[in-house]
Each structure stands twice: as C-alpha cells, then as structure tokens.
Amino acid sequence: MRVMPLSTIGGGVASAPSNVLDDLRKEALVRIAHRNDKIYADRLPANIVAFAPQQKFAILIDAATSRLYVFANDNGQPKRVRDHYVTVGLLGVDKKIEGDQRSPLGVYFVTSHLPREQLDKTYGSLADLYGVGAWPISYPNELDRSQSRTGHGIWLHGSPAATVCTSTTSLQWLRVVLTNEEMLDVAQYLQPGNTPVISVPAIKWVNAEQWQQQHNAGLALLEQWKSSWEALDTQQYLNFYSADFRSGEGQNISTWREQKAAVNAGKTWSKVQLNDVSIFAAGPQASQMVATFNQNYRSNNLNNQMKKRLYWQQDNAGWKIVWEGNALN
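A brief report on the enclosed structure follows. It should be emphasised that the depicted structure is a prediction, and the values quoted were computed from it without experimental measurement. (Residues numbered from 1 in each chain as written. Predicted model: local features only at pLDDT ≥ 70, side-chain atom pairs only at ≥ 80, totals over all residues. Heavy atoms only, no water.)

The subject of this paragraph is the overall build of the protein chain. When helices and strands are tallied, the protein chain shows 8 helices and 17 strands. Relative to its full complement of 329 residues, the protein chain shows a buried share of 48%. Here the contacts in the protein chain between residues at least 6 apart in sequence split such that 60% fall between residues at least 24 apart. Accessible surface, the protein chain: about 15,900 Å² in total, of which carbon and sulfur atoms supply 51%. (Helix = DSSP H or I, 4+ residues; strand = E, 2+ residues; numbered from the N terminus. Buried < 20%, exposed > 50% of the residue type's maximum accessible area, 1.4 Å probe, protein only. Contact = heavy atoms within 4.5 Å. Areas by Shrake-Rupley, 256 points an atom, 1.4 Å probe, with all protein chains shown as cover.)

See below:
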C-alpha cells in the first residue's frame, strides 16, 4: 500500500496467479458480506421443522452466503450455536452427476467419521487434502437415486495444513470444506447416524411465531396422512401422493394406487404408530420436506416395523409425497 494504490484485494501481488487471487477476493468478500448481514437473533430457520428426540444438533448449509450453521435441539426448537464460512463445489451446487464439481442440495445425514489416522493409512500423502479428518454424508439420498443422480464421497472435512484460502480451486471440487480449526469446532456437534446436514440454496429465516406455525403444520400433515391410512380410506390416503411419485421399490403412482386399493380391500382394521419423528426442509423457500420416523404398523393380517422416510414436495395443490420407502441411513 506504501508502494502503490490498491484498487482491490490482492492488487499489490502482481506475481500471484490470477485464479488464486480471484478465489481469495471471492472468499474475503463473502466473509465481509456476512459481517454486514443483519440476521436477527430472534430469527429461526424454517428448514428445521421438527427434531427427533435423539437428534441433539443439525447442520444447515446456506449456499447463497457460503455459511454453515450449527443448531441445537433446544426442547424441540432450533437454537443457533455456531456458524462458519464454508466452501462448496467449484461450479456451485445442485449436484446431478459424478464429477460435475458441484455440491448437493437436499437433506442428508452424517454417516461416519474418518479420522486423520485412518485417512493417512488409506490415502497416504493425499490425506492432507482432508485436513484434520472427514465426516461423510449420505449423498445420494433416496430421492437423488430415484432421480438418477450420481456421485459419491461427499464429505464435510478440513483443509490442507498449508492452506490460506479455503476457496482455492484446488479445494473447491473436493466436498464441503472448512478450515481445520473450524472443522474441529463443528465436529463436536456431529453424531454419525443422527445429525442431519441440510444443504439449501438459501436459508428461509422466520420469526418464532411463524416457525411454530410451520412446526405444527408439518406434524399435522404427517398425522393426517397416517390417519387416512389407518382409516382404510383409500381415496383420501392416495390424495397425499404426487403424480410424479416413486416408491422405494420403483413403483409409479399408477401401480402404487392399484396395490394400495388391493391391500386395503383385505383389511378390516389397521393401526399405525410413528415414533422418533424428524422433519427437515430443503429446496427453494423450504419447498421440500423430508420426514423420517420409526413406523409400527399392525392390522388384522400383518404386523411390520421399519424406519421410513417420506419426501414431500410443495406445489399448487399443496404438499404431495414424491418418494416413500425404507430410510437407507
């Protein structure tokens, strides 16, 4: 700055590669913009509709602001605990195919923890790409698979020891990257098998009253679906399903209708109990809901227990189920 006027961040480093400087500027500007953002303390994320009792925390990634938030389950209501800058895919978000250098959008879950020692044994010198460790998430989820989305190895992880800027192009394609210090901070809130990772184009912030209304509406919608199933009211039950529906076994809406009508014809009674219910919302303006629960089904001729997942999509006709089946994780 004493030698020459600086018109932009990194303007005095003429010898640095332009792409590295562009990435550094981008990260710096995003970080600065976050500091100037007025995210009020009394705002809650509409993307967290309902925690299951065993879920202590949720991770929410806002692609628009490159921000990762940690929310605690505070008696069923989300309470902000931490937030950090995070790098997503080099070419953005909404991953569709293997190698497209994008990060996925949707509701996923932390599946495991790969400590640095394990990464060293598996990847040798390349393990430093993942910094202090990695936490794989469940991409592709059930809906992704039904839509033929491909790819693997989507992880939350740290960064190489010598990294100054986490948004450099050598890192952006990897997964979802934090600095090592921040990754260790986030790691204390991750429960493999329980912690959801909700990746959205932009978080939908609402006030406490609006959040409570959405929470109640989400649980009521699930209760209405369950009640129509218990009542053996085939028509009302099928009204909850989208014309684009797919089941975990690959059935479309036509074969699903035929099967449910035939099954209900042989029932005299049924009871459905849903336990450990969680509901999280992804998509633009939280327009997709993912409900997961332990289902206990009993009827005059069948008893069945399973961990089930429903994907709901909001359209002009309201909320409709677009996928139903066994929860894969």
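Take unusual backbone geometry next. For the bond from Tyr139 to Pro140, the omega torsion is 0°, close enough to zero to count as cis. Position of Pro140 among the secondary structure elements: in the loop between strand S8 (133–136) and helix H3 (142–146). Not every positive phi belongs to a glycine, and Ser66 is a case in point at roughly 50°. Within the secondary structure layout, Ser66 lies in the loop between strand S3 (57–62) and strand S4 (67–74). According to the relative accessible area criterion, Ser66 is buried, its value standing at 12%.

Here we come to the sheet that holds strand S6 (residues 106–109). A sheet is described by the order of its strands in space; here 5 strands give the open sequence S5-S4-S3-S11-S6, paired in mixed fashion. In the strand order of this sheet, the two ends are held by strand S5 (77–85) and S6, each with one partner. Mean inter-strand twist for the sheet, computed between neighbouring axes without regard to direction, equals 25°. Packing of helix H5 (residues 180–187) onto the sheet brings it into contact with S3, S4 and S5, and relative to S5 it is tilted by some 165°. (Pairing = 2+ DSSP bridges. Axes fitted to C-alpha atoms, helices over the stretch in contact; angles between N-to-C directions.)

Looking now at helix H8 (residues 253–265). A rise of 1.5 Å per residue sets the reference length of H8, with its 13 residues, at 18 Å; its end C-alpha atoms lie 18 Å apart and thus fit the reference within 8%. Within H8, the full set of buried residues consists of Ile253, Trp256, Lys260 and Asn264. Seen along its axis, H8 keeps its buried residues to an arc of 55°; they face one direction. In H8, the exposed residues that point more than 90 degrees away from the buried face are Glu258, Ala262 and Ala265. The secondary structure elements touched by the buried residues of H8 are helix H7 (234–238), strand S13 (241–247) and strand S17 (318–326). Structurally, the start of H8 carries an N-cap: the backbone nitrogen of Ser254 is 3.1 Å from a side-chain oxygen of Asn252. (Expected span 1.5 Å × (residues − 1). Arc of directions from axis to C-beta. Polar contact = N/O pair within 3.5 Å; in protein donor to acceptor, adjacent residues only side chain to side chain.)

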